[in-house]
Amino acid sequence: MIIGISGTLGAGKGTVVEFLKERGFAHYSVREFLVEEILKRGLDVNRDNMVSVANDLRAKFGAAYIVEELHGRAMERGGDCVIESVRCVGEVEALREKSKVQSPKSKVGFVLWAVDADVESRYARIVERGSSTDMISFDDFVRQEGSEMKNENPLKQNLKACIEMADVCFRNDWTIGELKGKVLKALDKFESDDFVIEGGYIRPTWDEYFMEICRAVAKRATCDRGRSGCVIARNKQILVTGYVGSPIGLPHCDEVGHQLEDTIHEDGVKRTHCIRTTHAEQNAICQAAKLGISIDGATVYCKLEPCSVCAKMIVNSGIKRVVCEKRYQSGAQSLLEEAGVLVEVLVDEVEKY
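Please read these numbers as outputs of a predicted model, since none were measured by experiment. (Residues numbered from 1 in each chain as written. Predicted model: local features only at pLDDT ≥ 70, side-chain atom pairs only at ≥ 80, totals over all residues. Heavy atoms only, no water.)

Asker: Please explain helix α10 (residues 206-218) as it appears in this structure.
Answerer: One full turn of an α-helix is made of 3.6 residues, so residues set three or four places apart face in the same direction. Over its 13 residues, α10 extends 18 Å from the first C-alpha to the last, a length consistent with the 18 Å expected when each residue adds 1.5 Å. Residues of α10 that are buried: E208, F210, M211, C214, V217 and A218. (Helix = DSSP H or I, 4+ residues; strand = E, 2+ residues; numbered from the N terminus. Expected span 1.5 Å × (residues − 1). Buried < 20%, exposed > 50% of the residue type's maximum accessible area, 1.4 Å probe, protein only.)

What follows is the structure, encoded as structure tokens:
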């Protein structure tokens, strides 16, 4: 099985490759191939030179020259592999044609995956990783991407067309954990006996669905130290929602500022918290009580591991499962687990304020 990876810069193509490598796929990189060629020509390694050298090679040797070279290496080695990244229409067509010729009886052969995300998130990611080709301004980032997104010449980069040709396209605006879940789900589909491509779309899981709604709820929050939202659901139905904010009728942090208080935690470290607001989980539980909605046996979706107060309310309200994006330094997870509440953290890192 050969998977080609296409998509926009900073969308998470490399992250998808790492997931596939964990499943035993060999990795062949267009970027590394181009860096070798750039250094041979005595040029600086930057994004503009990568585009120009790639286009020059395609003009001299054909639209699919680079990926065909990598495909040849993959065939020599054998086994499942991933080719990253496919950037022009001719490359996609060539890899699909080679798959038909060399693996006519293969259930899968070659498939194309694409990864995309909003431009602000992608720029923030490339700045954070800080490679030699990523040290550019946001305006330059947008300008360079514009030249790569659409081109009528099949020899040149056309990311938009490649993404549209993909068998599956992953939207990576969520967490790494959620992206990995989507990738593994797609891979299992391709490897299963009842493999079918349904329009190239992978539906979100129920947890992904409710977490995305949780993020929308959080936009109503009124404390910028952690605009958090909460969704409580049971049997695939939303029961109530809540977001962090001051009690009804009282001024909000966004209006009058924070009401800060220092707290000594169990680890002996002093941390500063805003105590003006009611937490998102507390507001959701209060909303259920106000409306007379039972949340016994439900799942709560939230941004962070609950604090100790929220954790006690969760236990006493009968909630049986907590799904949160990141960890928090409250130490409440042990309390929840001792009470028989299942806690699942999508990203194993502590949120800091």
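That covers the picture; the talk isn't over yet.
Asker: Quick question: what am I supposed to make of the pattern of salt bridges here?
Answerer: Side-chain pairing between opposite charges can occur once the charged atoms of the two side chains come close. Summed over the entire model, instances satisfying the criterion amount to 18 salt bridges. For the salt bridge of R96 with D167, the shortest nitrogen-to-oxygen distance reads 3.5 Å. Highlighted residues: R96 in helix α5 (residues 89-102) and D167 in the loop between α8 (159-165) and β5 (168-171), separated in sequence by 71 residues. Linking R227 and D254 is a salt bridge whose minimum nitrogen-to-oxygen distance equals 3.0 Å. Note that R227 is positioned in the loop between α10 and β6 (229-234) and D254 in helix α11 (residues 253-256), a separation of 27 residues in sequence. R227 gets classed as partly exposed once you look at its relative accessible area, which sits at 34%. Owing to a relative accessible area of 42%, D254 belongs among the partly exposed residues under this scheme. What emerges from the salt-bridge pattern is a single network uniting E37, R41, D56 and K60. (Salt bridge = Lys/Arg side-chain N within 4 Å of Asp/Glu carboxyl O.)

Asker: Help me understand the layout of surface pockets in this model?
Answerer: Space left empty within the atom packing is revealed by a probe, the size of a water molecule, rolled over the atoms. Roughly 1,300 Å³ of internal volume is contained in the largest pocket. Lining of the largest pocket is provided by 49 residues; of these, G10, G12, T15, R125 and N172 occupy positions nearest its centre. Among the residues making up the lining of the largest pocket, the classes are represented as 16 nonpolar, 14 polar and 19 charged. (1 Å grid on protein atoms, 1.4 Å probe; cavity = no way out; pocket = protein on both sides within 12 Å on 5 of 7 lines; lining within 4 Å. Points joined across faces, edges and corners; volume = space filled by probe spheres on them. Nonpolar A, V, L, I, M, F, W, Y, C, P; charged D, E, K, R; others polar.)

Asker: I tried to follow the sheet that holds strand β11 (residues 321-326) on my own but got confused; where do I start?
Answerer: Sheet architecture is open: 5 strands sit in the order β7-β6-β10-β11-β12, paired in mixed fashion. Only two strands of the sheet have a single neighbouring strand rather than two, namely β7 (237-243) and β12 (342-345). Each neighbouring strand pair of the sheet contributes to a mean axis angle of 20°, computed without reference to strand direction. Pairing of strand β10 (residues 299-304) with β11, which is carried by 5 bridges, proceeds in the parallel orientation. Across the sheet, residue T299 finds its bridge partner in β11, namely R321. Across the sheet, helix α12 (residues 280-291) lies against β6, β7 and β10, angled at about 125° from β7, the strand it touches most. (Pairing = 2+ DSSP bridges. Axes fitted to C-alpha atoms, helices over the stretch in contact; angles between N-to-C directions. Contact = heavy atoms within 4.5 Å.)

Asker: Please clarify how the sheet that holds strand β3 (residues 81-84) should be interpreted in this entry.
Answerer: Two modes of strand pairing occur in sheets, parallel and antiparallel, and in both the strands are linked by backbone hydrogen bonds. The parallel open sheet is built from 5 strands, whose spatial order is β2-β3-β1-β4-β5. At either end of the open sheet lies a strand with only one pairing partner, and these are β2 (26-29) and β5. Recorded for the sheet is a direction-independent mean angle of 25° between the axes of neighbouring strands. Where strand β1 (residues 2-7) and strand β4 (residues 110-116) come together, 6 bridges link them in parallel fashion. Paired with I3 across the bridge in β4 is V111.

Asker: How do you make sense of the environment of I176 when you look at a structure like this?
Answerer: Residue position: I176 is located in helix α9 (residues 176-191). Assessed through its relative accessible area of 55%, I176 is described here as exposed. A C-alpha to C-alpha distance of 6.9 Å links I176 and V347, two positions 171 residues apart in sequence. Among residues more than four places away in sequence, those in contact with I176 are T15, F19 and V347.

Asker: What exactly am I supposed to notice about the packing of helix α2 (residues 30-40) against helix α3 (residues 47-61) here?
Answerer: When two helices pack together, their arrangement is given by the angle between the helix axes and the distance between those axes. Interaxial distance between α2 and α3 falls to 10 Å at its minimum, and their mutual angle equals 90°. In terms of orientation, α2 lies roughly perpendicular with respect to α3. Note on element contacts: α3 touches α2 through N49, M50, V53, A54 and L57, opposite R31, F33, L34, V35, E37 and I38. A breakdown of the residues in the contact of α2 with α3 according to their chemical character gives 8 nonpolar, 1 polar and 2 charged. (Parallel < 35°, antiparallel > 145°, perpendicular 65-115°, else oblique.)

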